[in-house]
Amino acid sequence: MDIVKTIDLLRSAVQKGRAEGKSIGFVPTMGALHKGHVSLIETAIKKCDVVVVSIFVNPTQFGPNEDLDKYPRDLEGDAKICEQAGADIIFAPDVNEMYPDKIITWVEVEGLTNNLCGKFRPGHFKGVTTVCAKLFNIVCPDTAFFGQKDVQQAIVIKRMVKDLNMPLEIKVCPTMREESGLAISSRNQYLSESEKKEAALIYAALGKCEGMVGEGVSDCSKLTDAMRGVLGKSPNINVEYISIVDIETLEDIDNITSKALVAMAVKIGATRLIDNIIVDTNK
Ligand code: PAF
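Every value quoted in this text rests on a predicted model; they were computed, and no experiment measured them.

1. A word on the pattern of salt bridges
Any two side chains of opposite charge can pair, on the condition that their charged atoms come close.
Here is step 1: This structure, assessed with the given rule, holds 10 salt bridges.
Here is step 2: Arg121 serves as the salt-bridge partner of Glu66, at 2.6 Å between the closest nitrogen and oxygen. Separated by 55 residues along the polypeptide, Glu66 in the loop between strand E3 (50–55) and helix H3 (75–85) and Arg121 in the loop between helix H5 (117–120) and helix H6 (124–139) bring together distant segments of the chain.
Here is step 3: We classify Glu66 as partly exposed; its relative accessible area is 29%.
Here is step 4: For Arg121, a relative accessible area of 9% corresponds to the buried category.
Here is step 5: Each member of the salt-bridge network shares a partner with another, and the members are Lys47, Glu169 and Lys171.

See the structure below:
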């Protein structure tokens, strides 16, 4: 496995594979790799001949009061995980390599970024889409792999690729969970053992919603109240949002008529966690 830090070297490494007729899979990450990333890498390996993993903590997607400085960074540990998972190339540029000049060109997806996390993290998705557009231009993958846990990100990126005719396919892979149901995330590292136990209430709340939908409840205010009730079992959980939205527009709905996305963001102490499920009244 090669670790490359410059765009030029990454381009030549990928070009070598392409010249041999190999397909290129890409897993963009901010490092602090965990089982969720490993499953993305493994899926990429099954589908593509050469797998590139980028590790770049992208400053443009963090707000001024967010965790950019304390975001976990461990290139050595991440490299071991990538090697074991079977990735071929790690692209680990520094900030100057990715942003040598003050950036004045942005890629922004409208509408889909207004609700859910977009409402609470202004500018976040603009940073994500811009860095992903840059990374896609650098790596030129056939397929890029994203996790369902960051569902709004995946939907926004899919739309960017479609609207801008970017020549790649976006694959969205299932959320990996701890035994407790807690969605695996790099930010789980910030949680104490007792906070981790409380964080399991997030999936319990989503499960409660799924159960109620299964029993025929379709009224979104009843469903969100019930989820708030589950989260209320811990006094340390502060709900940022619990939303039930249309799976395509990501706009709030009052009633579930077929498929809907149930998504939430909560804070436990200073740690912000997100999770989601898709429910379907026809199931
Ligand atoms: O999901 C992430 O880790 C990041 O948002 C991404 C897609 C790597 C862009 O920085």
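Structure's up, so let's keep going.
2. Topic: the packing of aromatic side chains
Here is step 1: Applying the stated criterion to the full structure yields five aromatic pairs.
Here is step 2: Taking 6.2 Å as the distance between ring centres and 85 degrees as the angle between the ring planes, the aromatic pair formed by Phe26 and Phe136 counts as edge-to-face. With Phe26 in strand E2 (residues 24–29) and Phe136 in helix H6, this residue pair connects regions lying 110 residues apart in the sequence. For the residue pair Phe26 and Phe136, the accessibility class agrees, reading buried in each case.
Here is step 3: For the pair Phe136 and Phe146, a centre-to-centre distance of 6.4 Å together with 80 degrees between the ring planes defines the contact as edge-to-face. Linking Phe136 in helix H6 with Phe146 in strand E5 (residues 143–147), this pair joins segments that are 10 residues apart in sequence.
Here is step 4: Judged by relative accessible area, which is 5%, Phe136 ranks as buried.
Here is step 5: Classification of Phe146 by relative accessible area gives buried; the value is 4%.
Here is step 6: Every member of this aromatic cluster is reached through a ring pair, and the members are Phe26, Phe136 and Phe146.

3. Considering the site of the ligand
Here is step 1: Looking at the ligand, the residues that line it are Pro28, Thr29, Met30, Asn58, Gln61, Val131, Cys132, Phe146 and Gln153.
Here is step 2: Here an oxygen atom of the ligand and a side-chain polar atom of Gln61 are 2.6 Å apart.
Here is step 3: Take Gln153: an N or O atom from its side chain is 2.7 Å from an oxygen atom of the ligand.
Here is step 4: Surface burial for the ligand is 89%, taken as the share of its 290 Å² of free accessible area covered by protein chains.
Here is step 5: Secondary-structure elements contributing two or more residues to the shell around the ligand are E2 and H6.

4. Digging into the sheet that holds E2
Here is step 1: Read from one edge to the other, the open sheet built from six strands follows the order E1-E4-E3-E2-E5-E6, with strand pairing classed as parallel. At either end of the open sheet lies a strand with only one pairing partner, and these are strand E1 (2–4) and strand E6 (169–173). Between one strand axis and the next, the sheet turns by 25 degrees as a mean value, whatever way the strands run.
Here is step 2: Summarising the sheet, E2 and E3 pair through six bridges and their orientation is parallel. Bridge pairing in E3 places Phe26 opposite Val52.
Here is step 3: Packed on one face of the sheet, H3 meets E1, E3 and strand E4 (89–91) and runs near 160 degrees to E3.

5. So, the nonpolar core
Here is step 1: Counting residues in each nonpolar core, the largest one holds 47 residues, and the members touching the most others are Leu10, Val52, Phe91, Phe136, Ile157 and Met160.
Here is step 2: When residues of this core are assigned to their parent elements, the largest contribution, nine residues, is made by H6.
Here is step 3: In this structure, Met160 is in contact with Val107, Val109, Thr129, Cys132, Ala133, Phe136 and Met166, ignoring residues within four places of it in sequence.
Here is step 4: Counting residues in hydrophobic clusters, the runner-up holds 28 residues, among them Cys220, Ile237, Ile268 and Leu273.

6. Description of the sheet that holds strand E7 (residues 237–245)
Here is step 1: A sheet is described by the order of its strands in space; here three strands give the open sequence E7-E8-E9, paired in antiparallel fashion. Strands at the two margins of the open sheet, each flanked by one partner only, are E7 and strand E9 (271–280). Along the sheet, successive strands turn relative to each other by an average axial angle of 15 degrees, direction set aside.
Here is step 2: Relative to strand E8 (residues 259–268), E7 runs antiparallel, the two being bridged by eight bridges. Bridging across to E8, Val245 finds its partner in Leu261.

7. Observations concerning unusual backbone geometry
Here is step 1: The phi dihedral of Leu116 is positive, around 50 degrees, even though this residue is not glycine.
Here is step 2: By secondary structure assignment, the location of Leu116 is in the loop between helix H4 (95–98) and H5.
Here is step 3: We classify Leu116 as buried; its relative accessible area is 2%.
Here is step 4: Positive phi, normally seen in glycine, also occurs at Leu250, with a value near 65 degrees.

Here is what the cut-offs are and how they apply
Residues numbered from 1 in each chain as written. Predicted model: local features only at pLDDT ≥ 70, side-chain atom pairs only at ≥ 80, totals over all residues. Heavy atoms only, no water. Salt bridge = Lys/Arg side-chain N within 4 Å of Asp/Glu carboxyl O. Helix = DSSP H or I, 4+ residues; strand = E, 2+ residues; numbered from the N terminus. Buried < 20%, exposed > 50% of the residue type's maximum accessible area, 1.4 Å probe, protein only. Phe/Tyr/Trp six-rings, centres within 6.5 Å; stacked < 30°, edge-to-face > 60°. Near = heavy atom within 4 Å. Polar contact = N/O pair within 3.5 Å; in protein donor to acceptor, adjacent residues only side chain to side chain. Areas by Shrake-Rupley, 256 points an atom, 1.4 Å probe, with all protein chains shown as cover. Pairing = 2+ DSSP bridges. Axes fitted to C-alpha atoms, helices over the stretch in contact; angles between N-to-C directions. Contact = heavy atoms within 4.5 Å. Core = buried A, V, L, I, M, F, W, Y, C linked by side-chain atoms within 4.5 Å.

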